[in-house]
Amino acid sequence: MEKTVRFNGKELRLASSLFTIISYRNVFGTELFDDVERLEKELDKNKNDVGRFIDVLFRLIYILHKPYYNDSYDRFLQSFDFSVLTNVDELTNLANAIGELLGDIKKNSDGTDIAPKR
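Rules used in this analysis
- Residues numbered from 1 in each chain as written.
- Predicted model: local features only at pLDDT ≥ 70, side-chain atom pairs only at ≥ 80, totals over all residues.
- Heavy atoms only, no water.
- Helix = DSSP H or I, 4+ residues; strand = E, 2+ residues; numbered from the N terminus.
- Buried < 20%, exposed > 50% of the residue type's maximum accessible area, 1.4 Å probe, protein only.
- Contact = heavy atoms within 4.5 Å.
- Pairing = 2+ DSSP bridges.
- Core = buried A, V, L, I, M, F, W, Y, C linked by side-chain atoms within 4.5 Å.
- Phe/Tyr/Trp six-rings, centres within 6.5 Å; stacked < 30°, edge-to-face > 60°.
- Lys NZ or Arg CZ within 6 Å of the ring centre and 35° of its normal.

## Here's the deal with the overall build of the chain
Then comes step 1: Summing up its helical and strand segments, the chain has five helices and two strands in all.
Then comes step 2: Taken from N to C terminus, the helices and strands of the chain fall in the order β-β-α-α-α-α-α.
Then comes step 3: Sorting the 118 residues of the chain into buried and exposed places 33% on the buried side.
Then comes step 4: When contacts within the chain are restricted to residue pairs at least 6 apart in sequence, long-range pairs at least 24 apart make up 61% of them.

Structure (structure tokens):
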């Protein structure tokens, strides 16, 4: 599945596939859905952990954008300044797009979850 979102004044192409899960583990050394689940739990407990939220959010953006981007995660992050954190509408649209893309990965062809909730 593919989506294009407007973020930080530019079009950002995102794609999800089996590659997304494998690439996330290869690049960051952790499991994508474990990080998302941990993030959700931490945000429920401690809404002030903005750094952890930003870290996982931009990891997800990078991996979903990686099929169209040939540079390192560090270079990807350096292409943004702090102003990206102030545009709530763009962040909300991006979060919704990520949710759609990852929701697509988590489903089998019959609509059941691949990664069951723990």
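## Some points on the pairing of strand E1 (residues 2-7)
Then comes step 1: Pairing of E1 with strand E2 (residues 10-15), which is carried by six bridges, proceeds in the antiparallel orientation. The partner of Glu 2 across the bridge, within E2, is Ala 15.

## Points about the nonpolar core
Then comes step 1: Counting 29 residues, the largest nonpolar core has Phe 7, Leu 14, Phe 58, Leu 60, Ile 61, Ile 98 and Leu 102 as its most contacted members.
Then comes step 2: Elements represented by at least two residues in this core include exactly E1, E2, helix H1 (18-28), helix H2 (32-45), helix H3 (50-65), helix H4 (73-78) and helix H5 (88-105).
Then comes step 3: A total of eight residues in this core trace back to one element, the largest contributor, which is H3.
Then comes step 4: Contact partners of Leu 60, with chain neighbours within four places excluded, come to Tyr 24, Leu 32, Val 36, Ile 98 and Leu 102.

## A look at H1
Then comes step 1: Those residues of H1 that sit buried are Thr 20, Ile 21, Ser 23, Tyr 24 and Phe 28.
Then comes step 2: Following H1 by one or two positions, Gly 29 has its phi on the positive side, about 75°.

## Let's talk about the packing of aromatic side chains
Then comes step 1: Taken as a whole and assessed by the stated rule, the structure comprises eleven aromatic pairs.
Then comes step 2: The interplanar angle of 55° and the centroid separation of 5.1 Å between the aromatic rings of Tyr 24 and Phe 28 together place this pair among those described as tilted. With Tyr 24 and Phe 28 both in helix H1, this residue pair falls four residues apart, about one helical turn. Exposure class is identical for Tyr 24 and Phe 28. Each is buried.
Then comes step 3: Across the ring face of Phe 80, the terminal group of Lys 10 is positioned such that the distance to the ring centre comes to 5.0 Å.

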